[in-house]
Amino acid sequence: MKTIAIIPARAGSKRLPNKNIMHLGNIPLLAHSIIFAKQHNFISEVYVSTDSKEIKKIAIQYGAKVIDRPENISGDFEPTVSALKHVLEDMEQVDNVILLQPTNPLRPENLLNEAFEIFNQENYDSLFTVSRNFQKLGKILDNKFKPFNYEIGQRSQDLEPLFFENGLLYITKAKLILDDVIISENAFPLEVNHIFANVDIDTNEDFEYAKYLLNKFEQK
């Protein structure tokens, strides 16, 4: 069983330009996911898919292999699965793909070991991480707030459990990705209620929060 990790890292980012090469701690944002992947011996190779020469240089520096992403699948609206599929198309005998997004640089230390063990033991075709949401959500319709997951006056602790896709990691059979699927209908949602699940860097505020958490946990 051959398992590879793929980290898609485009150059373009409108809300936080060049975020994948910004330094979080003492290393580029991208490097956190490369280092995390390389700590697991069941991952045969770590690949970075990119359209950027600077990202390519950083990826090679930290021990990843680089797949040059063509312009036609590098746009703002191109789905992530396009990059993953492009990496796989010229490879042979890849069974599993672990997707690590560079914008989720902080992950619990044993998360991937736990996730991969569940994925293999239960023979799932895909797995992704989720976290419990404790907010009172609603919609605004005709300038009126309509509660979605609660009734006015209901206590937060009594809410029906809802979960969000936190982006920490995804594990998928390679054959699914070749059919343009990352999360299948039968995907296992692995619940992760760790503070790192709240970090998904898209803005400068997100980046500052990640810096705060990194400093906090490094000091322990």
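The structure contained in this document is the topic of the report that follows. Worth saying up front: this structure is predicted, and the values here are computed from it rather than measured.

Definitions and limits used
- Positions within a chain are numbered from 1, following the residues in the order the chain's sequence is written.
- Local features in this predicted model are restricted to residues of pLDDT 70 or higher, and side-chain atom pairs are both shown and tallied only at a pLDDT of 80 or more, whereas totals for entire chains, interfaces and linings draw on every residue.
- Side-chain measures were taken over the full set of non-hydrogen atoms in the model, leaving aside hydrogen atoms and water.
- Each salt bridge in this description consists of a side-chain nitrogen of Lys or Arg and a carboxyl oxygen of Asp or Glu lying within 4 Å of one another.
- Segments assigned H or I by DSSP are reported as helices when at least four residues long, segments assigned E as strands when at least two residues long, and all are numbered from the N terminus.
- The buried label goes to any residue with under 20% of its type's maximum accessible area, the exposed label to any with over 50%, and the partly exposed label to all in between, with areas taken from a 1.4 Å probe on protein chains only.
- Note on definitions: a residue-residue contact is assigned when non-hydrogen atoms from the two residues lie within 4.5 Å.
- Here, nonpolar core refers to any group of buried Ala, Val, Leu, Ile, Met, Phe, Trp, Tyr and Cys residues whose side-chain atoms link them within 4.5 Å.
- At least two DSSP bridges between two strands are needed for those strands to be called paired.
- We call a crossover right-handed when, viewed with both strands directed away from the observer, the connection leading from the first strand over the helix to the second proceeds clockwise.
- In protein, a polar contact means a hydrogen-donor-capable atom and an acceptor-capable atom, both N or O and within 3.5 Å, with residues adjacent in sequence counting only if both atoms are side-chain atoms; elsewhere, any N or O pair within 3.5 Å suffices.

Overall, the coordinates contain eight salt bridges when judged by the stated rule. K85 is the partner of D180 in a salt bridge, and the nearest nitrogen-oxygen pair spans 3.3 Å. In this pair, D180 sits in the loop between α5 (174–177) and β11 (188–191) while K85 sits in helix α3 (residues 80–88), placing the two residues 95 residues apart along the sequence. Classification of D180 by relative accessible area gives partly exposed; the value is 45%. Across the salt bridge formed by K211 and E208, the nearest N and O atoms sit 3.5 Å from each other. One end of the pair is K211 and the other is E208, both in helix α6 (residues 204–218) and three residues apart, which spans about a single turn. The exposure class of K211 is partly exposed, given its relative accessible area of 31%.

Once that is clear, we can look at the side chain of S126. On the secondary structure map, S126 appears in strand β7 (residues 126–133). Exposure remark for S126: the relative accessible area of 1% places this residue in the buried category. Ignoring any residue separated from it by four or fewer positions in sequence, one finds S126 in contact with F119, I171, T172, L176, I182, I183, S184, N186, A187 and F188.

Nonpolar side chains in soluble globular proteins tend to be buried together. Of all hydrophobic cores here, the largest spans 30 residues; its most connected members are L30, V48, I98, L169 and I171. Elements that contribute at least two residues to this core include exactly β1 (3–8), α1 (29–38), β4 (45–50), α2 (53–61), α4 (111–121) and β10 (162–173). No other element matches the five residues that α4 contributes to this core. Of all hydrophobic cores here, the second largest spans 17 residues; its members include Y47, V81, V97 and A174.

Glancing now at α1. Extensive coverage of α1 is indicated by the burial of eight of its 10 residues. Considered for burial, the residues of α1 that qualify are L29, L30, A31, H32, S33, I34, F36 and A37.

So, about the pairing of strand β5 (residues 65–68). Here β4 runs beside β5; their pairing, made up of four bridges, is parallel. Note that in β5 the partner of V48 across the bridge is V66. Each parallel crossover has a hand, and the one from β4 via α2 to β5 is right-handed.

A few words on the side chain of S184. Mapped onto the fold, S184 is located in the loop between α5 and β11. Of the polar contacts made by the side chain of S184, one reaches the side chain of S126; its length is 2.8 Å. Residue contacts for S184: discarding those within four places in its chain leaves D125, S126 and L176.

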